[in-house]
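# Fold and geometry: a report
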Amino acid sequence: MTNQLSLAGKPVSPPVVLAPMAGITNLPFRKLCREQGAGIYVCEMITTVALTERNPKTMRLIEFDPDEETRSLQLYGVDPAGMRKAVRMVVEEDLADHIDLNFGCPVPKVTRRGGGSALPWKRRLFREIVTAAVDTAAERGIPVTVKMRKGIDDDHLTYLEAGRIAEDAGVAWVALHGRTAAERYSGTADWEAIANLKDHLDIPVLGNGDVWEADDALRMAAETACDGVVVGRGCLGRPWLFGDLEAAFSGREARLMPSLGEVAAVMLRHARLLVEWIAGAESYEARRNIDAEEHGCREFRKHVAWYLKGFPVGGELRRALAMVSTLNELEDLLGKLDADAPFPESTIGKPRGRTNSPGKVALPDGWLDDRDDCTVPEGAEIDSSGG
């Protein structure tokens, strides 16, 4: 890496960013990861419409822990006016210290509206949105960054031009996922594209894609000269990956290989944090009288398979853990695991989380016809956050 990564004048050390993931990077998960290592930890994707309309769920998602030194919020929007309004709300109400703009989401319900990874194709619209965010955030000195993909598909690459537009608009850095929208989460990320973007820009470039281990991050840095790494699926069921990343960027060789008993302790803490977070809600959960413990345990279920990946755990016990409804039940079931079982080395360096096949990208009618058309597609905005 060429320079010390910083944000609003503050060093980002290690140069590691937790990628926003829908239903994952809520306050409890960010807290769990921060306990393992330093970096920037971004909340779930927030839509500009849901924020400015003060959607109760969205207002819950933008809550930050008191000890989160950099409150990092990712915004999604397709309308420059809507983006300006949302960022002004962040500025005037002191809702965050850092704003990341989402131009990387490949999900069909997003791209068919012209959002996410489809949007940089419309270069004038892209410029207007980024400029609106940067200029408005500058009133309070809040840095704005951009996260994007290579393009729509191999025939419609946008990352080099979009990177230059973002740099000219004044963003603090650009993060590139080395896949197109069409590739989704398939195949192997193109790290050469990250290197190309780094060569084209003067501002920092962060690399994203296939960082499964701390050593992958070091290899990405060496091969691309990127200024930092963005970690998404690699930390699913492994919040201690951030401890490994901190060690790696500090030149230490130690890597965490927790036993099944140690993993079980992290699982129980994760579930308890979720329950505490929901129990403390003064927003939609509380008003709907949802049982906090049951709701928190239900939220935790999706993490079970990731935590137990590769460990010798019987199918019946796995199924029971994936259906827990109370913390006592979870603790009892975790007690039945073989606490001394070593970390499964067979999972090291292997993909985690969602994987899928490439596919045609859903786009608004005529989206590819005129790159300089800055008309906002009808019904483009999404009124619910989290992805």
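Residues numbered from 1 in each chain as written. Predicted model: local features only at pLDDT ≥ 70, side-chain atom pairs only at ≥ 80, totals over all residues. Heavy atoms only, no water.

You'll find the protein entered in an unreviewed UniProt entry as tRNA-dihydrouridine synthase, with Glycomyces albidus given as the organism. Here the protein is described in UniProt, under the heading Cofactor (unreviewed entry), as follows: "FMN". What UniProt records for the protein under Function (unreviewed entry) is the sentence "Catalyzes the synthesis of 5,6-dihydrouridine (D), a modified base found in the D-loop of most tRNAs, via the reduction of the C5-C6 double bond in target uridines." (UniProt positions renumbered as here; feature names shortened; annotations may be inferred.)

### Considerations on the overall build of the protein
Within the protein one finds 15 helices and eleven strands. If one aligns the C-alpha atoms of the protein with their principal axes, the spans along those axes are about 60 × 50 × 40 Å. Taking all 387 residues of the protein together, 57% fall into the buried category. Long-range contacts, defined as pairs at least 24 residues apart, comprise 74% of the intrachain contacts of the protein with a sequence gap of at least 6. When the accessible surface of the protein is totalled, it reaches about 15,800 Å², and 45% of it is carbon and sulfur. Positive and negative side-chain charges of the protein, numbering 47 and 60 respectively, have mean locations separated by a distance of 3 Å. (Helix = DSSP H or I, 4+ residues; strand = E, 2+ residues; numbered from the N terminus. Buried < 20%, exposed > 50% of the residue type's maximum accessible area, 1.4 Å probe, protein only. Contact = heavy atoms within 4.5 Å. Areas by Shrake-Rupley, 256 points an atom, 1.4 Å probe, with all protein chains shown as cover. Lys, Arg positive; Asp, Glu negative; His and termini not counted. Charge placed at Lys NZ, Arg CZ, Asp CG, Glu CD.)

### Topic: the environment of L274
Looking at the secondary structure, you find L274 in helix α11 (residues 260-279). When sequence neighbours within four positions are dropped, the list of residues in contact with L274 reads N26, P28, G296, E299 and F300.

### Quick notes on the packing of aromatic side chains
Inspection of the entire model under this criterion finds five aromatic pairs. Here the basic side chain of R149 rests over the ring of Y185, its NZ or CZ set 5.0 Å away from the ring centre. Over the ring of W121 we find R371; its NZ or CZ atom is 4.2 Å from the centre of that ring. (Phe/Tyr/Trp six-rings, centres within 6.5 Å; stacked < 30°, edge-to-face > 60°. Lys NZ or Arg CZ within 6 Å of the ring centre and 35° of its normal.)

### Regarding the layout of surface pockets
Here the largest pocket is characterised by a volume of approximately 620 Å³. Taken together, 36 residues form the lining of the largest pocket, with P20, M21, K147, Y185 and R354 sitting closest to its centre. Broken down by element, the lining of the largest pocket gets its largest block of residues, three residues, from strand β8 (residues 144-149). Split into classes, the residues belonging to the lining of the largest pocket amount to 18 nonpolar, twelve polar and six charged. Within this model, the second largest pocket holds a volume of roughly 390 Å³. (1 Å grid on protein atoms, 1.4 Å probe; cavity = no way out; pocket = protein on both sides within 12 Å on 5 of 7 lines; lining within 4 Å. Points joined across faces, edges and corners; volume = space filled by probe spheres on them. Nonpolar A, V, L, I, M, F, W, Y, C, P; charged D, E, K, R; others polar.)

### Thoughts on unusual backbone geometry
Following S13, the chain continues into P14 via a peptide bond in cis, with omega recorded as 0 degrees. Relative to the elements of secondary structure, P14 occurs in the loop between β2 (10-11) and β3 (16-18). With phi around 55 degrees, R54 is a residue other than glycine that occupies positive phi space. Turning to its location among the elements, R54 is positioned in the loop between α2 (48-52) and α3 (56-61). By relative accessible area, R54 is classed as partly exposed at 42%. Although it is not a glycine, D94 sits at a positive phi angle of roughly 55 degrees.

### Some remarks on the UniProt feature "binding site: FMN" (unreviewed entry) in the protein
Residues annotated in UniProt with the feature "binding site: FMN" (unreviewed entry) correspond here to P20, M21, A22, Q74, K147, H177, G232 and R233. Lining residues of the largest cavity, restricted to the annotated ones just named, are P20 and K147. Take M21: it is sitting in the loop between β3 and α1 (27-34). Note on M21: relative accessible area 11%, which makes it buried. In this structure M21 touches E44, G232, R233, C235 and L236, once residues within four positions along its chain are discounted.

### Examining the domain arrangement of the protein
The domain boundaries assigned to the protein delineate domain 1 (12-250) and domain 2 (260-345). Look at where the C-alpha atoms of domain 1 and domain 2 centre, and you get two points 28 Å apart. Contacts between the two partners involve 19 residues from domain 1 and, on the opposite side, 20 residues from domain 2. Along the contact surface separating domain 1 from domain 2 lie three residue pairs in polar contact (both at pLDDT 80 or more). Looking at the side of domain 1 that touches domain 2, the elements that each hand over two or more residues are α1 and α3. A per-element tally of the side of domain 1 that touches domain 2 places α1 first, with five residues. For the side of domain 1 that touches domain 2, the residue count by class is ten nonpolar, three polar and six charged. (Domains from an automatic or database assignment. Polar contact = N/O pair within 3.5 Å; in protein donor to acceptor, adjacent residues only side chain to side chain.)

### Concerning the nonpolar core
Counting residues in hydrophobic clusters, the biggest one holds 115 residues, and the most contacted among them are L75 and L101. For this core, the two domains that each supply at least three residues are domain 1 (12-250) and domain 2 (260-345). Not counting the four nearest positions on each side in its chain, L101 is found in contact with Q74, L75, M83, V130, A133, V144, T145, V146 and K147. If you look at the next biggest cluster of nonpolar residues, it comprises eleven residues, including L7, V17, I40 and W173. (Core = buried A, V, L, I, M, F, W, Y, C linked by side-chain atoms within 4.5 Å.)

### Section: helix α9 (residues 214-224)
Of all the residues in α9, the buried ones are A214, D216, A217, M220, A221 and T224. One side of α9 carries all its buried residues, which in axial view fall inside an arc of 155 degrees. Residues of α9 that are buried in the fold lie against α8 (191-200), β10 (205-208), β11 (228-231) and α10 (241-249). Phi for A225, located one or two positions after α9, is positive at around 65 degrees. (Arc of directions from axis to C-beta.)

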